[in-house]
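Below, each chain spelled out in residue letters.
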Amino acid sequence: ELKVEQNPLFLSMQEGKNYTIYCNYSTTSDRLYWYRQDPGKSLESLFVLLSNGAVKQEGRLMASLDTKARLSTLHITAAVHDLSATYFCAVFQGGGSADGLTFGKGTHLIIQP
Amino acid sequence: EAGVVQSPRYKIIEKKQPVAFWCNPISGHNTLYWYLQNLGQGPELLIRYENEEAVDDSQLPKDRFSAERLKGVDSTLKIQPAELGDSAVYLCASSLGLGGKETQYFGPGTRLLVL
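Residues numbered from 1 in each chain as written. Chains lettered and ligands numbered in written order. Predicted model: local features only at pLDDT ≥ 70, side-chain atom pairs only at ≥ 80, totals over all residues. Heavy atoms only, no water.

### Describing the nonpolar core
Next up, step 1: Counting residues in hydrophobic clusters, the biggest one holds 25 residues, and the most contacted among them are L32(A), W34(A), L74(A) and Y87(A).
Next up, step 2: Elements that contribute at least two residues to this core include exactly β2 (10-14), β3 (19-25), β4 (32-37), β5 (43-49), β7 (61-66), β8 (71-76), β9 (85-93) and β11 (107-112) of chain A.
Next up, step 3: A per-element tally of this core places β9(A) first, with four residues.
Next up, step 4: Judged by nonpolar contacts, the second largest core, of 22 residues, contains V4(B), I26(B), L60(B) and V114(B). (Core = buried A, V, L, I, M, F, W, Y, C linked by side-chain atoms within 4.5 Å. Buried < 20%, exposed > 50% of the residue type's maximum accessible area, 1.4 Å probe, protein only. Helix = DSSP H or I, 4+ residues; strand = E, 2+ residues; numbered from the N terminus.)

Written out as structure tokens, the structure reads:
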């Protein structure tokens, strides 16, 4: 059974600081997603990482994937308040009819002025 | 382009009552998903449809939950009878292709409270 663990689960940081969220998973996968969720809102797709060493960047967020270590990171550079949200990683597992995503518990990020 | 539409957005019912949620996926998307999200947790898949066929319903509690996707477009998820533990957010998502690999686009969810 695929297990996806994120850490930290809760993070409070100041504007302007850098930080990294980690996503570990337990079985081989060839794709990983990062989503953002604002309170009471839907999940918004941020990145999809498809291969070992993949790196994607959008604004102050950068995601990377190491399939050998079964680890993805989401790095926040010079955080701003607008990035406050809950961030989920989701790992795809193929297996016929059971193909699908397994989500982590999410990292609740608060960025304070 | 319109996103995934869900209704109602909120529902409060008493236990043992039935409840139904409706989802309209993004136009042209062949795969539709229903997820359950408990407070402080990530979404958990209940059922996945490819067109009108349910290809993965292994996590759907079939004694009280049912779903359908008539004509491969809209979908309805039903709970009968509802229990206190069913209080959660029910999310619908859709993706363009088949096979569950493509990016999923989520609706706003239906927040259910069972009293």
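### Observations regarding the pattern of salt bridges
All names here are of chain B.
Next up, step 1: In this structure the tally under the stated criterion is six salt bridges over all chains.
Next up, step 2: Between K62 and D57 there is a salt bridge whose closest N-O contact spans 3.8 Å.
Next up, step 3: The partner of D86 in a salt bridge is R64, and the shortest N-O contact between them spans 2.6 Å. Linking D86 in the loop between β8 (75-79) and β9 (88-95) with R64 in the loop between β6 (53-56) and β7 (65-68), this pair joins segments that are 22 residues apart in sequence.
Next up, step 4: With a relative accessible area of 6%, D86 lands in the buried category.
Next up, step 5: A relative accessible area of 12% places R64 in the buried class.
Next up, step 6: In this structure, a network of salt bridges that share partners links the residues R64, E83 and D86. (Salt bridge = Lys/Arg side-chain N within 4 Å of Asp/Glu carboxyl O.)

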